[in-house]
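# Close look at the chain arrangement
If you want the building blocks of each chain, they are given just below.
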Amino acid sequence: MSRPAMLGLALLGAAAGAGGMWLADRVAPGDLTGADRVRIERVVRDYVLAHPEILPEAMEKLQQREAAKAVASRRGAIEQPYESAWIGNPDADVTLVEFYDYNCGYCRASLPTIERLVREDPKLRVVFRELPVLAPSSRTAARAALAAAKQGKFKAFHDALYARGQVSDATIADAARAAGVNVAAIPDDADDAIRQNLTVAEALGINGTPSWVIGDQVLTGALPIDRLKDAIAKARAR
């Protein structure tokens, strides 16, 4: 079967549900005659042309499926926190991972949501992963956060820096003083940790902050608490 037809079957399967996906996953090029291929390609083409509204939904489902595979193959690198860069229950049944940047206003706005999730869900753990992509000062702040995590003071520094607004050398130093962090003691593996976060984010298709990994789901944006609770419930059910 031609590549467009296979993609069409996958798109139709993603939009139509398990039955269509079953067909898209199991039809091999050698299973069909030339007439069969032509007929299926015509059906796929006609259906997509008649119902173009299915394409965004189908593409989203395909992306979610690919993201789930990427998460499964990298779960340790995603969910294992760097030292103390986490809050919640150490024996949680669900881990929510936030990829964040200290220059991200939406990340700052998500802080109360994260606090509320942990407060209301005693079985949840939240892991924070630095994704310094917005400005050069983002990397400086991320390295300082890793120093704080190594010293067991991540959350205090995290909150203090966000509370100080725009990231600069001065606000980083002030937040470090408030949290009792020695930012001169940058861990030897800080750059490796940041590089790994960037690599994992790229593999997951993450290109903005905040982004979230919950179970096998990858979500992006400053999401309302109900949306995150729904994702947590789905991860817990699985």
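Structure's up top.
Below you will find a few notes about this structure.

Here is what the cut-offs are and how they apply
- Residues numbered from 1 in each chain as written.
- Predicted model: local features only at pLDDT ≥ 70, side-chain atom pairs only at ≥ 80, totals over all residues.
- Heavy atoms only, no water.
- Helix = DSSP H or I, 4+ residues; strand = E, 2+ residues; numbered from the N terminus.
- Buried < 20%, exposed > 50% of the residue type's maximum accessible area, 1.4 Å probe, protein only.
- Contact = heavy atoms within 4.5 Å.
- Areas by Shrake-Rupley, 256 points an atom, 1.4 Å probe, with all protein chains shown as cover.
- Phe/Tyr/Trp six-rings, centres within 6.5 Å; stacked < 30°, edge-to-face > 60°.
- Pairing = 2+ DSSP bridges.
- Axes fitted to C-alpha atoms, helices over the stretch in contact; angles between N-to-C directions.
- Core = buried A, V, L, I, M, F, W, Y, C linked by side-chain atoms within 4.5 Å.

## Side note on the overall build of the protein
- A count of helical and extended segments in the protein gives 11 helices and five strands.
- For the protein, buried positions account for 45% of its 238 residues.
- A separation threshold of at least 6 residues defines the contact pool for the protein, and within that pool the share at least 24 residues apart is 75%.
- In the form shown here, the protein has an accessible surface area of approximately 12,100 Å², with 53% of it arising from carbon and sulfur atoms.

## A short note on the packing of aromatic side chains
- Inspection of every chain in the model, using the stated rule, returns six aromatic pairs.
- Ring plane angle 80 degrees and centroid distance 6.2 Å describe the contact between tyrosine 102 and phenylalanine 157, whose orientation is recorded as edge-to-face. In this pair, tyrosine 102 sits in the loop between strand E2 (94-100) and helix H6 (105-120) while phenylalanine 157 sits in helix H8 (residues 154-163), placing the two residues 55 residues apart along the sequence. Like tyrosine 102, the residue phenylalanine 157 is buried in the burial classification.

## Considerations on the side chain of threonine 209
- Here threonine 209 shows up in the loop between helix H10 (190-203) and strand E4 (211-214).
- Here threonine 209 is in contact with Phe99, Tyr100, Asp101, Cys104, Cys107, Leu131 and Leu134, once residues within four sequence places are set aside.

## Re the sheet that holds E2
- Strand order in the open sheet formed by five strands is E1-E3-E2-E4-E5, with mixed pairing between adjacent strands. Unpaired on one side and paired on the other, strand E1 (86-88) and strand E5 (217-220) mark the two borders of the sheet. Across this sheet, the average inter-strand angle for adjacent strands is 20 degrees, counted without regard to direction.
- Along the sheet, H8 contacts E1, E2 and strand E3 (124-130); its crossing angle with E3, the most-contacted strand, is approximately 65 degrees.

## Things to note about the nonpolar core
- Judged by nonpolar contacts, the single largest core of 46 residues is most densely connected at Leu96, Tyr102, Phe157 and Ile214.
- Among the elements that line this core, the one with the most residues is helix H7 (residues 136-150), at seven residues.
- Contact partners of leucine 96, with chain neighbours within four places excluded, come to Leu117, Leu124, Arg125, Val126, Val127, Trp212, Val213, Ile214, Leu228 and Ile232.
- Membership of the second largest hydrophobic core comes to 10 residues, among which are Ile78, Val127, Ile206 and Val213.

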